[in-house]
Amino acid sequence: MQRNLTMRILAVSASLLALTLPAQANPTLEGVASGLYELEKTHAFLTWTVQHNGISGYSVNFTDFDADLVFDAETPANSQLSVNINPTALNTNYPDPVKKVEWEEELGTDPRFLNAGEFPAITFTSTSVEQTGDFTGTVTGDLTFLGVTQPVTLDVSYGGVANPPWFGQRDVIGFTASTTFNRSDFGQTSMSGVISDAVEIEFSGEFLQAEE
Amino acid sequence: MTLKSYLIVGGSAFALAACGSPSEETSIDDAPTPPVEAEADGELHPLLAEVAAGAYSLEKTHAFMTVKVGHSGGISDYRISFTDFDASLDFDPAAPESSSISFSINPAAVETNYPGDYSVGHADSQWSSWNEDVSRDAKWLNSDAFPEITFVSTGATKTGDLSGTVTGDLTLLGVTKPVTLNVTYNGVANPPWFAPRDVIGFDADTTVLRSDFGMNAFIPNIGDEVTVEFSGEFLQDE
């Protein structure tokens, strides 16, 4: 009990300390650890958007995905990224709660859409990285979707490093990434008069240095 | 094939899909994109030419509103969607700058897409989920005390054929401040199940400082600047 209280006070103090530290000059790569990082899933967002009837963007969030990053802070172009997405875990924010469940199930499993029964994972594995600015670059890799693998290039911005005390010595680094591809390149042509061929992908999230 | 008939055909297919009917997929060839030319003197832009003036309401099944705020000093964007909001639009295609709009947002309905069980790692929290924490906690949206966020336009300007700004009063946490939205008009659709009512689509975004509304928690670790993005459709009232 006593220990528990002490731990709690320490944790609270550490939180306050973290919150009151002056904002560091970010983004910076200085002092950032190289090596394996894993997605910090509580701060990671992956959204796809298609145009509906050509007049509005329809946005859906993937809610179950993971990523491993081998980050080289000195030579970011040597970094490697792999992403694994569960196509059945979707959030459409559909307003009716009953229809929401049905609609997400249909989007995830219908052969016209993500067809997860046959293709239970969407994966991306980087094949090359190019640095285009101090904190920007492109990551090209193989996107496997609906069983079809095609090269896709992500535009990536490095957001900087944080060191929240609850992660101890481990670095947390943030990125934003986006890309656009044509779903027809992966064999999905359903409702092409209503739903755009172009699919925009947006990611923003954090990676936590893996424990040794 | 006109834009309207193309969208009607497309819209039928979407209806079948959205209702989950045991439908055969309707085959739709890509229709040629209708010509979209700059507005000639005295003529409306083609995307505005056949659009009804008057009252529209939000078509809630095609409407998204997301806020983005920097996390950990801005190393990533944290994203929160509002899932219960409504809007009324009085639209004049011939003089879009004389249009008006009002939004009502339920701050108790937010979606953070938090993975896993929040209570496991937050045993001390008085809230059962992170969504509830963001909605109800006094340092965040404080929805018990302030159960509505509203935006009521006070003026609009046209900045291009299909773009403009909408300025209005945003009321958040009981504080009212002027905010200006950047707006793009995307066009009209006529799905047959709404016939003959028009459906028009817009994108909008703005940036506000949450400290202007008295929400100061964790600045700057969590950014003061909040970006709001909207994309959605409005259905002509019957």
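Here, the structure is the one placed above.
I will try to describe carefully the structure that is included in this document. (Residues numbered from 1 in each chain as written. Chains lettered and ligands numbered in written order. Predicted model: local features only at pLDDT ≥ 70, side-chain atom pairs only at ≥ 80, totals over all residues.)

**Let's talk about the nonpolar core**
As a reminder of what qualifies: Under the definition applied here, buried Ala, Val, Leu, Ile, Met, Phe, Trp, Tyr and Cys residues are grouped into a nonpolar core through C-beta atoms within 7 Å. Around each residue's C-beta, the other C-beta atoms within 10 Å are counted; 20 or more make the residue buried, 12 or fewer make it exposed, and counts in between make it partly exposed. All C-beta atoms are placed from the backbone. Any residue pair is listed as a contact if its two C-beta atoms, each placed from the backbone, are within 7 Å.
One finds B:Val188 and B:Ile200 to be the most contacted residues of the largest nonpolar core, which totals 39 residues. Residues within four places of B:Val188 in sequence aside, it is in contact with A:Ile55, B:Leu47, B:Glu50, B:Val51, B:Asp198, B:Val199 and B:Ile200. Listed in part, the 34 residues of the second largest apolar core include A:Val32, A:Leu81, A:Phe207 and A:Leu208.

**Considering unusual backbone geometry**
Note: most peptide bonds trans; most residues except glycine with negative phi. Put simply, the rule reads: Strands are runs of DSSP state E lasting at least two residues, helices are runs of H or I lasting at least four, and both sets are numbered from the N terminus onward.
The omega angle of the peptide bond from B:Ala195 to B:Pro196 is 0°, so this bond is cis rather than trans. Relative to the helices and strands, B:Pro196 is located in the loop between strand E8 (175–189) and strand E9 (199–209). Of the consecutive residues B:Ile219 and B:Pro220, the connecting peptide bond is found in the cis state with omega at 5°. Examined against the element boundaries, B:Pro220 turns out to sit in the loop between E9 and strand E10 (222–236). Phi at A:Leu146 is positive, roughly 55°, even though this residue is not glycine. Mapped onto the secondary structure, A:Leu146 falls in the loop between strand E7 (136–145) and strand E8 (148–162).

**Concerning the interface of chain B and chain A**
Inclusion rule: Gly counts as polar in this scheme, as do all residues outside two lists: the nonpolar Ala, Val, Leu, Ile, Met, Phe, Trp, Tyr, Cys and Pro, and the charged Asp, Glu, Lys and Arg.
The partner chain A presents 43 residues to the 46 residues of chain B that form the contact. Elements with a contribution of two residues or more to the side of chain B that touches chain A: helix H1 (3–18), strand E1 (54–71), strand E2 (76–82), E8, E9 and E10 of chain B. Across the side of chain B that touches chain A, the residue classes break down as 18 nonpolar, 19 polar and 9 charged.

**Some points on the environment of B:Thr61**
Here B:Thr61 is to be found in strand E1. Sequence separation between B:Thr61 and B:Leu48 is 13 residues; the distance between their C-alpha atoms is 23 Å. Ignoring sequence-local partners within four residues, the contact set of B:Thr61 consists of A:Tyr94 and A:Pro95.

**Focus: the environment of B:Phe151**
Residues and elements named next belong to chain B. Topologically, Phe 151 is positioned in strand E6 (residues 149–158). Judged by the 22 C-beta atoms lying within 10 Å of it, Phe 151 falls in the buried class. Remark: the alpha-carbon pair of Phe 151 and Phe 234, spanning 83 residues in sequence, is separated by 16 Å. Look past the residues within four positions of Phe 151 in its chain and what remains in contact with it is Ser 102, Phe 103, Gly 168, Leu 170 and Val 179.

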